[in-house]
Amino acid sequence: MSKQTMALRWADVLEHEANSHGKTDYKHKAAAELRRLHEVNAELVEALNEIIWGADAMGWSTLKVKAALAKIKEEG
C-alpha cells in the first residue's frame, strides 16, 4: 500500500467532519476538490517522468524537471 498524501488525508478529515456534523456541504466540496487535485498532480508527475525519460535519451538537461519532482515527493 502506498503512502497517503497530505491532500488525501485532509480530504478524509473533511469528509469525516462533514458526515459527523451535517449541513457542511462546503466540506464535501473541499474534500472532492482535494481528491481532484491529487489526481491531476499524479497525472503531472507521470508526464514529468516521461519528459525526463525522453530528455535523458536525447542528452538534454532535466535538472529543473527533476528538482520539481523532488519537491513534489518531499511535500507528499
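Scoring rules and cut-offs
- Residues numbered from 1 in each chain as written.
- Predicted model: local features only at pLDDT ≥ 70, side-chain atom pairs only at ≥ 80, totals over all residues.
- Heavy atoms only, no water.
- pLDDT = per-residue confidence, 0-100.
- Helix = DSSP H or I, 4+ residues; strand = E, 2+ residues; numbered from the N terminus.
- Contact = heavy atoms within 4.5 Å.
- Salt bridge = Lys/Arg side-chain N within 4 Å of Asp/Glu carboxyl O.
- Buried < 20%, exposed > 50% of the residue type's maximum accessible area, 1.4 Å probe, protein only.
- Patch = residues over 30% accessible without salt bridge, like charges linked within 9 Å, V, L, I, M, F, W, Y side chains within 5 Å.
- Areas by Shrake-Rupley, 256 points an atom, 1.4 Å probe, with all protein chains shown as cover.
- Lys, Arg positive; Asp, Glu negative; His and termini not counted.
- Charge placed at Lys NZ, Arg CZ, Asp CG, Glu CD.

A. Structural context of the confidence of the model for the chain. Mean pLDDT for the chain: 85, with 92% of residues reaching 70 or above. Mean pLDDT across the elements of the chain bottoms out in helix H3 (residues 63-75) (84) and peaks in helix H2 (residues 25-58) (90).

B. Here's a closer look at the side chain of His 38. Structurally, His 38 can be placed in helix H2. Excluding residues that lie within four positions of it along the chain, His 38 makes contacts with Thr 5 and Leu 8.

C. Examining the pattern of salt bridges more closely. One pass over the structure, following the stated rule, counts 6 salt bridges. Between Asp 12 and Arg 35 there is a salt bridge, and its shortest N-O distance comes to 2.9 Å. Placement of the pair is Asp 12 in helix H1 (residues 6-21) and Arg 35 in helix H2, with a sequence separation of 23 residues. With a relative accessible area of 36%, Asp 12 lands in the partly exposed category. You can call Arg 35 partly exposed: its relative accessible area is 29%. Among the ionic pairs, Glu 17 bridges to Lys 27, the shortest N-O distance being 3.7 Å. Taken together, the residues span a long stretch of sequence, with Glu 17 in helix H1 and Lys 27 in helix H2 at a distance of 10 residues. Residues joined by salt bridges that share partners form a network here, namely Asp 12, Glu 15 and Arg 35.

D. Fine view of a negative patch on the surface. On the surface, Glu 39, Glu 43, Glu 46 and Glu 50 cluster together into a negatively charged patch. Relative to the assigned elements, Glu 43 resides in helix H2. Residue Glu 43 is classed as exposed on the basis of its relative accessible area of 54%.

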